[in-house]
Amino acid sequence: LINLGSLDDVLLDKSVAALADELKRADLLGADGVVTHVGTTGGTSAEQTAARVAAAVQAAFLVAGDVGCRLLLENTAGAGTTFGNSPEELGAILEELSGELRPRVGVCIDSCHAHAAGYDMSTAEGWTQLVDSVEKWCGAGAIGAVHANDCVFPSGSKKDRHAWIGDGTIGYEGFTGMLCEPRLRSVAAFTEMPGDVPEKDVENLSRLKRLRAGCEGRA
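Residues numbered from 1 in each chain as written. Predicted model: local features only at pLDDT ≥ 70, side-chain atom pairs only at ≥ 80, totals over all residues. Heavy atoms only, no water.

When helices and strands are counted, the protein chain shows seven helices and seven strands. Counting from the amino terminus, the protein chain carries its helices and strands in the arrangement α-β-α-β-α-β-α-α-β-β-β-α-β-α. The C-alpha atoms of the protein chain give 17 Å as radius of gyration, which agrees with the globular expectation for 219 residues (17 Å, within 12%). In terms of overall dimensions, the protein chain has a C-alpha envelope of 45 × 35 × 35 Å along the principal axes. (Helix = DSSP H or I, 4+ residues; strand = E, 2+ residues; numbered from the N terminus. Rg over C-alpha atoms; globule rule 2.2 N^0.38 Å.)

Take the state of the cysteines next. Inspection of the entire model under this criterion finds one disulfide. Across the disulfide, Cys180 is cross-linked to Cys215 (sulfur-sulfur distance 1.9 Å). One disulfide, between Cys180 and Cys215, carries an S-S torsion of -90° and so falls in the left-handed class. With Cys180 in helix H6 (residues 171-180) and Cys215 in the segment after helix H7 (199-213), this residue pair connects regions lying 35 residues apart in the sequence. Assessed through its relative accessible area of 9%, Cys180 is described here as buried. You can call Cys215 buried: its relative accessible area is 5%. Cys108 forms no disulfide, and the closest cysteine sulfur to it belongs to Cys138, at a distance of 12 Å. Given a relative accessible area of 0%, Cys108 falls into the buried group. (Disulfide = S-S within 2.5 Å. Buried < 20%, exposed > 50% of the residue type's maximum accessible area, 1.4 Å probe, protein only.)

Before going further, it helps to spend a moment on the packing of aromatic side chains. The relative placement of two aromatic rings is captured by the distance of their centres and the angle of their planes. Tallied over the entire structure, the rule returns zero aromatic pairs. One cation-aromatic arrangement involves Lys159 over Phe153; the distance from NZ or CZ to the ring centre is 4.7 Å. (Phe/Tyr/Trp six-rings, centres within 6.5 Å; stacked < 30°, edge-to-face > 60°. Lys NZ or Arg CZ within 6 Å of the ring centre and 35° of its normal.)

Here the focus is the layout of surface pockets. Volume-wise, the largest pocket comes out at about 350 Å³. When residues of the lining of the largest pocket are traced back to their parent elements, those giving at least two are H6 and H7. Here the lining of the largest pocket takes four residues from H7, the largest share from any one element. Grouping the amino acids of the lining of the largest pocket by side-chain chemistry returns nine nonpolar, one polar and four charged. The calculated volume of the second largest pocket comes to roughly 270 Å³. Every residue lining the second largest pocket is counted, 13 residues in all, and those nearest its centre are Gly33, Val35, Leu72, Ala145 and Phe190. Those elements that provide at least two residues to the lining of the second largest pocket are strand S1 (33-36), strand S2 (70-74), strand S4 (143-147) and strand S7 (188-190). Its residues assigned to classes, the lining of the second largest pocket comprises six nonpolar, three polar and four charged. (1 Å grid on protein atoms, 1.4 Å probe; cavity = no way out; pocket = protein on both sides within 12 Å on 5 of 7 lines; lining within 4 Å. Points joined across faces, edges and corners; volume = space filled by probe spheres on them. Nonpolar A, V, L, I, M, F, W, Y, C, P; charged D, E, K, R; others polar.)

Turning our attention to the side chain of His162. In this fold, His162 is placed in strand S6 (residues 162-163). By relative accessible area, His162 is classed as buried at 17%. In this structure the side chain of His162 is engaged in a polar contact, spanning 3.2 Å, whose partner is the side chain of Asp160. From its side chain, His162 meets the backbone oxygen of Glu192 in a polar contact 2.8 Å long. Once residues within four sequence positions are removed from consideration, His162 is found in contact with Asp110, Cys112, His113, Asn149, Asp150, Val152, Glu192 and Pro194. (Polar contact = N/O pair within 3.5 Å; in protein donor to acceptor, adjacent residues only side chain to side chain. Contact = heavy atoms within 4.5 Å.)

Quick look at the structure:
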C-alpha cells in the first residue's frame, strides 16, 4: 500500500512509483483525480512528516509527467500513527508543495473517517465547522471529493468501520447537513459500503438522493 510518510527508503520509493502509476492511469482514463491516504508518521513530528509526504508527492508527479488529473489527499480516522487525521495536518502537506504543484493537489473528505477522528458529522453545524476548518488550513476549493460513508462507531472512537447511509452514528440528519452545505454542492460524492453489489450502491445512492431533494430551495 502507498505510504508517502514511510521512513523506509525502499517502501517510500515503491510508494512514489505506485502513486505515479495511479496518476498516469487516471490521466489515460480521463479521470478528474486520484484519491490517496498519505501514510504514517514513523514517529516523527507533524512538521517532518508533512515535509516528507510533500516531497514524495512532488516526486510522484515528476515521474508521472504531464498528467491532467488532480491528486486528493484523504483524511484518516486517527488510528495509530496515521497522518492526515485533520485539515490542519493535510494543510501542512499542501503548504510544503511548490507553487506550481499546489493547485494540482487538494483533499478528499471521508465522512466516516472525520467522524471517527472526533469531528461530529451528525449535524449540519458539524459539517459547517469541518468545511470551515478545511478552508482555513487547505484553502477555499480544496475539497475535490467526498467519501459519503456512515460510521458504525461513535464520534471520536478512531475506529474506521463504514455503515450504510442513515444506519450509523452520523445518521440521516448528518448527511442532510452534508448535502445542504453550499460549498459541497458541486463536489462529487462516492459511497464505500459493505454489502453486495449492486444492491448496496443502489440503496445508498437512493438514500442520498432523497436527502438531497430536501435541500431544494434552501439558501
